[in-house]
Amino acid sequence: MTESGAQLFARLEARRCLKDIEPQMFTEDGGPNHGEVVELYGTEGTGKTELLYHLLCRCVLPVASGGLEVDVVFVDTDYSLDMLRLVSILDSRLNAACSTGMSCSGSDEAALRSCLSRLLVVHCSSSSQLVLTLHFLETSLSSRPGLALLLIDSISAFYWLDRCEGGASIAKQEEKLSKCAELLGRLLRDYRITVFATCHTIRRSYTGPSSSSSDDRPYLCRPWQRLVTHRLLCSRQEAANNMASTAGGSEEQRRQRVFTVHCTSSSSRTKAYRSSSFYVSDGGVKFI
């Protein structure tokens, strides 16, 4: 495959590093570096998608409003992307920045349009479509040097369908996701983007809490597991812990359900850990 001068420039040009994408969520070493993958893992209703919205908004917001001002691709495999919710969070962040004097230039609609122009949304309804999307994503990366983040919600959406179609052969069951991991590995290497992907928990038993260790083990194919450098385990806090976490907070914090994120980072030679808590408000994720 031949490469044009524009494609070579886009591939080699330094893309925005996202180590500071959310300091409260990652270890002291910072967030993901160029070419790294973050997996958000947990049961349904533990705030994974809201965290993606939070990170997405942080990236597309202008620097003057506290954002990183980079382009983002959102691959929606669950067909659960709520654009009204996303616009509401963006509008809240822009208004908050305006009220604090950080940035208040232009109309609200123009500012929102500018933010959304940095977002590319792709819907996939099968593993085959996801493979094709990742294959042709190189075109977008070549034409948009500012594209630094790929979000996938979720990478495990077609797990059971692939297992059914693969029959008794493990290799056949994992063939498409392994191909996705191969394509992602090439994009990470050649274009040095950062990837965040959600992954649903599979219940292996019907006893014990939903966050039990038996449910937290990675189950996707080995090629995908080898790509993951940071793992964020999302869970809901129990009622008693919820009250303790928000005891010194505002009235809004005390009314909201509290979630916990346990970060495990293996991007360096030694593993690092960090836990943080957050709640979800009308304006998006708020860390405690």
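For the structure, see preceding data.
Note that the structure is predicted; figures quoted are calculated from it, not measured. (Residues numbered from 1 in each chain as written. Predicted model: local features only at pLDDT ≥ 70, side-chain atom pairs only at ≥ 80, totals over all residues. Heavy atoms only, no water.)

K.L.:
Tell me what's going on with unusual backbone geometry, and back it up with residues and numbers.
P.N.:
A cis amide bond links Asp153 to the next residue, Ser154, at an omega of 5 degrees. Summarising the element assignment, Ser154 is placed in the loop between strand E4 (147–153) and helix H6 (159–166). Despite not being glycine, Glu69 shows a phi value in the positive range, around 55 degrees. Looking at the element boundaries, Glu69 is found in the loop between helix H2 (48–60) and strand E2 (71–76). Phi is positive for Tyr79, which is not a glycine, with a value near 55 degrees. Along the chain, Tyr79 turns up in the loop between E2 and helix H3 (83–99). (Helix = DSSP H or I, 4+ residues; strand = E, 2+ residues; numbered from the N terminus.)

K.L.:
Break down helix H5 (residues 127–143) for me, citing the residues and quoting the values.
P.N.:
Taking 1.5 Å per residue as the helical rise, H5 with its 17 residues ought to reach 24 Å, and the 25 Å between its terminal C-alpha atoms agrees with that figure. Approximately 30 degrees is the largest bend angle found in H5, and it occurs at Phe136. Every buried residue of H5 is accounted for by Ser127, Leu130, Val131, Thr133, Leu134, Leu137, Glu138, Ser140, Leu141 and Ser142. (Expected span 1.5 Å × (residues − 1). Bend = angle between axes of the 7 residues up to and from the residue. Buried < 20%, exposed > 50% of the residue type's maximum accessible area, 1.4 Å probe, protein only.)

K.L.:
Tell me what's going on with the pairing of strand E6 (residues 228–236), and back it up with residues and numbers.
P.N.:
Among the 9 residues of E6, 8 are classified as buried, and the element is accordingly described as predominantly covered. Note: strand E1 (residues 37–42) against E6, 5 bridges, orientation parallel. Bridged to Leu40 within E6 is Leu232. (Pairing = 2+ DSSP bridges.)

K.L.:
Before we move on, can you summarise the nonpolar core with the specific residues and values?
P.N.:
Residues Ile21, Leu51 and Phe196 are the most contacted members of the largest nonpolar core, which totals 40 residues. Element by element, the count of residues in this core is highest for H2, at 8 residues. Those residues within four positions of Phe196 in sequence are excluded, and the remaining contacts are Ile21, Phe26, Pro32, Val38, Leu40, Leu52, Leu55, Leu149, Leu150, Leu151 and Ile152. Grouped together as the second largest cluster of nonpolar side chains are 35 residues, Val75, Leu134, Leu184 and Val195 included. (Core = buried A, V, L, I, M, F, W, Y, C linked by side-chain atoms within 4.5 Å. Contact = heavy atoms within 4.5 Å.)

K.L.:
Let's hear about the packing of aromatic side chains: which residues, and what values?
P.N.:
For the structure on display, the rule yields 6 aromatic pairs. An angle of 55 degrees between the planes, with centres 6.3 Å apart, marks the rings of Tyr41 and Tyr219 as tilted. Of this pair, Tyr41 sits in strand E1 while Tyr219 sits in the loop between strand E5 (194–200) and helix H8 (222–227), placing them 178 residues apart in sequence. Accessibility assignment for this pair places Tyr41 and Tyr219 in one class, buried. Plain terms: the ring middles of Tyr159 and Tyr219 are 4.9 Å apart, the flat faces sit at 75 degrees to each other, and that makes the pair edge-to-face. Linking Tyr159 in helix H6 with Tyr219 in the loop between E5 and H8, this pair joins segments that are 60 residues apart in sequence. A relative accessible area of 19% means that Tyr159 is categorised as buried. Accessibility expressed as a relative area gives 12% for Tyr219, which makes it buried. A network of ring pairs unites the aromatic residues Tyr41, Tyr159, Trp160 and Tyr219 as a single cluster. (Phe/Tyr/Trp six-rings, centres within 6.5 Å; stacked < 30°, edge-to-face > 60°.)

K.L.:
So what's going on with the side chain of Thr198? Residues and values would help.
P.N.:
Tracing the backbone shows Thr198 in strand E5. Among the residues examined, Thr198 registers a relative accessible area of 0% and is labelled buried. Those residues within four positions of Thr198 in sequence are excluded, and the remaining contacts are Leu40, Lys48, Leu52, Ile152, Asp153, Ser154, Ile155 and Ser156.

K.L.:
So what's going on with the sheet that holds strand E9 (residues 284–287)? Residues and values would help.
P.N.:
To summarise the sheet geometry, strands pair through backbone hydrogen bonds and adopt either a parallel or an antiparallel arrangement. Read across the open sheet, the 9 strands follow the order E3-E2-E4-E5-E1-E6-E7-E8-E9; overall the sheet is mixed. Of all strands in the sheet, those bounded by a partner on one side alone are strand E3 (119–123) and E9. Sheet twist, expressed as the average angle between the axes of neighbouring strands with direction ignored, equals 25 degrees. (Axes fitted to C-alpha atoms, helices over the stretch in contact; angles between N-to-C directions.)

K.L.:
So what about the environment of Ser266? Which residues, and what values?
P.N.:
On the secondary structure map, Ser266 appears in the loop between strand E7 (258–265) and strand E8 (272–281). When the C-alpha positions of Ser266 and His230 are compared, they lie 6.2 Å apart, and in sequence the two are 36 residues distant.

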